[in-house]
Amino acid sequence: MPPSSAPILTFEQARHVVEQHAATLRPQGKELVELLDSPGQILAEAVLADRNFPPFPRATRDGYAVRAADLIKLPATLAVIGEIKAGAAADANLKVEAGQAASIMTGAPALPGCDAVVMVEYTSRDGDQVTITKGIAAGDNIVPIASEAKRGDRLLSPGVRLDHAAIAVAASVGRSRLLVYSKPRVAVLATGDELVDIDVPLAANQIRNSNTYSLAAQIQAAGGEPVLLPIAPDEPERLRELIGDGLGADLLLLTGGVSMGKYDLVEQVLAECDAEFFFTGAQIQPGRPVVFGRVPCGAGAPAREGVSAPSDHKYFFGLPGNPVSTMVTFALFARPVLEALAGMTPRKLIFLHARLKSEIKTKPGLKRFLPAILSGEFEHAEVELVRWQGSGDIAATAAANCYIVIPPDRERIAAGEWIPLLMR
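Basis of the calculations
Residues numbered from 1 in each chain as written. Predicted model: local features only at pLDDT ≥ 70, side-chain atom pairs only at ≥ 80, totals over all residues. Heavy atoms only, no water. Helix = DSSP H or I, 4+ residues; strand = E, 2+ residues; numbered from the N terminus. Pairing = 2+ DSSP bridges. Axes fitted to C-alpha atoms, helices over the stretch in contact; angles between N-to-C directions. Expected span 1.5 Å × (residues − 1). Buried < 20%, exposed > 50% of the residue type's maximum accessible area, 1.4 Å probe, protein only. Contact = heavy atoms within 4.5 Å. Core = buried A, V, L, I, M, F, W, Y, C linked by side-chain atoms within 4.5 Å.

K.L.:
Just to check I follow, could you spell out unusual backbone geometry for this structure?
P.N.:
Note: most peptide bonds trans; most residues except glycine with negative phi. The omega angle of the peptide bond from F53 to P54 is -10 degrees, so this bond is cis rather than trans. Position of P54 among the secondary structure elements: in the loop between β2 (47–48) and β3 (58–59). Cis geometry marks the peptide bond from Q285 to P286, where omega comes out at 0 degrees. Along the chain, P286 turns up in the loop between β19 (284–285) and β20 (291–296).

K.L.:
Where do I start with the sheet that holds strand β7 (residues 116–119) in this structure?
P.N.:
Hydrogen bonds between backbone atoms are what pair the strands of a sheet, whose relative direction is either parallel or antiparallel. Across the sheet, 6 strands lie side by side as β7-β4-β6-β5-β9-β8; this open sheet has mixed pairing. Edge positions in the sheet fall to β7 and β8 (123–126), since each has one partner strand and no second. Across the sheet, the mean angle from the axis of one strand to that of its neighbour is 40 degrees, orientation sign disregarded.

K.L.:
Which parts of the structure should I look at to understand helix α3 (residues 211–222)?
P.N.:
Think of an α-helix as turning once every 3.6 residues; residues three or four places apart then point the same way. Helix length check: α3, at 12 residues, gives a terminal C-alpha distance of 16 Å against a target of 16 Å (1.5 Å per residue), a fit within 8%. What α3 keeps buried is the set N211, T212, S214, L215, A216, Q218, I219 and A222. Lining the buried residues of α3 we find β13 (185–190), β16 (225–228), β17 (251–255), β21 (313–319) and α6 (323–341). Just downstream of α3 lies G223, where phi reads positive at about 105 degrees.

K.L.:
What's the story with the nonpolar core in this structure? I'm lost.
P.N.:
Soluble globular proteins: nonpolar side chains tend toward being buried together. F279, F317 and F333 are the most contacted members of the largest nonpolar core, which has 54 residues in total. Here this core gets 11 residues from one element, more than from any other, and that element is α6. Discounting chain neighbours no more than four positions away, the residues touching F317 are V18, L251, L252, L253, L254, V291, F292, F333, A334 and V337. Ranked by size, the runner-up nonpolar core spans 22 residues in total, among them L239, A249, L270 and F316.

K.L.:
What's the story with the environment of V120 in this structure? I'm lost.
P.N.:
Structurally, V120 is set in the loop between β7 and β8. Taking relative accessible area as the criterion, V120 reaches 41% and is therefore assigned partly exposed. Sequence-wise, V120 and I81 are 39 residues apart; in three dimensions their C-alpha atoms are separated by 16 Å. Not counting residues up to four positions away in its chain, the partners in contact with V120 are D62 and G63.

K.L.:
Hey, could you run me through the sheet that holds β13 in this one?
P.N.:
Strand order across the open sheet formed by 6 strands is β16-β13-β17-β21-β20-β18, with mixed pairing between neighbours. The two strands at the open ends of the sheet, each matched to only one other strand, are β16 and β18 (276–279). Averaged over neighbouring strand pairs, the angle between their axes works out to 25 degrees when direction is ignored. With 4 bridges connecting them, β13 and β16 associate as parallel partners. Among the inter-strand pairings, A187 is bridged to a residue of β16, identified as V227.

Structure follows, in structure tokens:
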């Protein structure tokens, strides 16, 4: 639909629209990378167990491998028949019989005949005998063969973001290289005559273009490759040319030019490219003028040479130009589309909760995402708004580590209430 008839949605409605479109997108390429080069990338293949895990009954404590039945009457004195070290080859002749025990290390294979490991803290050794003062149940402190995974089991699925735990899994099955999805190219186009690049001397009426760089950092953190376009002036012909360049990427993010001002030209130029607009605003603060839509492939620029398009359209977001609005709307709306293009399994947005340190008073009507500081220690977390001067105050936002989420029907939230948070 044209921008004039596209709706302004609630936050939840807008988020669901984005998620529905993201679910239709697919990544466009794969590449094989070294394991140590893969953190943060999206897995494009299944990783299977190459053997049983564990491959033997594994001791989880230092102590003595025993038969639990021998410890019914305490204290119990047992004959020590040997020692089992982690990584040492098992002695095929050793077997724990009634009245016997074997010294064992954490991670070592439990001997045939034993069914439990008693911790060394409950034992005292005297030569070839050990006295045990605490009973134990069969199975205690032993992990059975294949209880974690059987050979051939899927341990990691395509669509997983490779973090330290996933890297450990891949290493444990001997994978020195992994197939990952290619990173989507995300074009960033900042607009406005008032903007200059960061290394250009400023006139009194100009501001530096921070949005391009903050978005580039957010894109990289989300798994994309930023493509930074020149600043677009408030002039339709040059803006149209740069939008065409941006539509050659997998996703286009524009900042500024989406409000109701005389020189806010982004929606007009996109409409001339046969854009379809899904919404032209969300009832949030900051970020109310956010725009989401798509352009038919070829309307603004051809698809990438040699790469099939993820669909017959290219998606775009028009993000508000105030820096904090840009950051917030990327996190709330653009990130799910980028993650889908990167091959990541879809995930719902989840808010955490913490106690509010100081009372908040605000106006109702919009869902608010306000910069805040989560502090405290251990189980005692509390959150407080930072002092800020609105959606242009990037210094205050840089001092924050989360956003407090205020429902649209609340005017006052008392200190001590549990309140939802969006982590940065």
